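Reading the structure
Residue strings, one per chain:
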Amino acid sequence: QVQLVESGGGLVQPGGSLRLSCAASGGIFSFYDMGWYRQGTGNQRELVARITYGGSTDYADSVKGRFTISRDNAKSTMYLEMNILKPEDTAVYYCNAQLRVAPSNFREYWGQGTQVTVSS
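Keep in mind the model is a prediction, meaning the values are calculated, not measured.

1. A short note on the packing of aromatic side chains
By the definition in use, this model includes two aromatic pairs. A ring pair is formed by Tyr 37 and Trp 110, whose centres lie 5.0 Å apart and whose planes are at 65°; its orientation type is edge-to-face. Pair noted here: Tyr 37 is in strand β4 (residues 33-39) and Trp 110 is in strand β10 (residues 105-110), with a separation of 73 residues, a long-range link. On the accessibility criterion, Tyr 37 (17% relative accessible area) is buried. Over the aromatic face of Phe 29 sits the side chain of Arg 71, whose NZ or CZ is 4.6 Å from the ring centroid.

2. Considerations on the state of the cysteines
Enumeration over the complete set of coordinates arrives at one disulfide. What pairs with Cys 22 in a disulfide is Cys 95, and their sulfur atoms sit 1.9 Å apart. Given an S-S torsion of about -75°, the disulfide between Cys 22 and Cys 95 has left-handed geometry. With Cys 22 in strand β3 (residues 18-25) and Cys 95 in strand β9 (residues 91-102), this residue pair connects regions lying 73 residues apart in the sequence. Across the pair, Cys 95 and Cys 22 agree in class, each one buried.

3. Here we look at the pairing of β4
Within β4, five of the seven residues are buried, which leaves it mostly tucked inside the rest of the structure. Pairing between β4 and β9: seven bridges, direction antiparallel. Its bridge partner lying in β9, Gln 39 is registered against Val 92. Bridging between β4 and strand β5 (residues 46-51) involves five bridges; their strand directions are antiparallel.

What counts and how
Residues numbered from 1 in each chain as written. Predicted model: local features only at pLDDT ≥ 70, side-chain atom pairs only at ≥ 80, totals over all residues. Heavy atoms only, no water. Phe/Tyr/Trp six-rings, centres within 6.5 Å; stacked < 30°, edge-to-face > 60°. Helix = DSSP H or I, 4+ residues; strand = E, 2+ residues; numbered from the N terminus. Buried < 20%, exposed > 50% of the residue type's maximum accessible area, 1.4 Å probe, protein only. Lys NZ or Arg CZ within 6 Å of the ring centre and 35° of its normal. Disulfide = S-S within 2.5 Å. Pairing = 2+ DSSP bridges.

Set out below in C-alpha cells:
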C-alpha cells in the first residue's frame, strides 16, 4: 500500500513562486514513476510533469521553462518548483505514483491534492 500526501499549496501573486511537496509512504519509493497533475475549476485533470524512477522528466507545454519536477529518494519525496506563476496555473494539484509491473499492467496511487491559487 502506498500513501501520498501533498503539501505546499497556497495563495501567490502572479509572477511568484511556490514549491509543492509529495511525501510517500508504504512502498519502495525509488521504484515508482512519479508525477504531478492538476485540475482547475470546470476542467479535466491534466498532466503537469512527471519523473520516472530513472530520473527522466516530461512537462506539459504550458509549464515548460517555469516548473521543475524533482525527487529525493532518500526522503521518499517528490517536489514541484513552480516559478513565474500565472492565474491559469490555479488548480488543485495532485501527486501520482505508478509502479509498472507489466507492459499493460501497473498500480497507480493518488494523493488528496493541494490547492494552488494565483491571484492578485
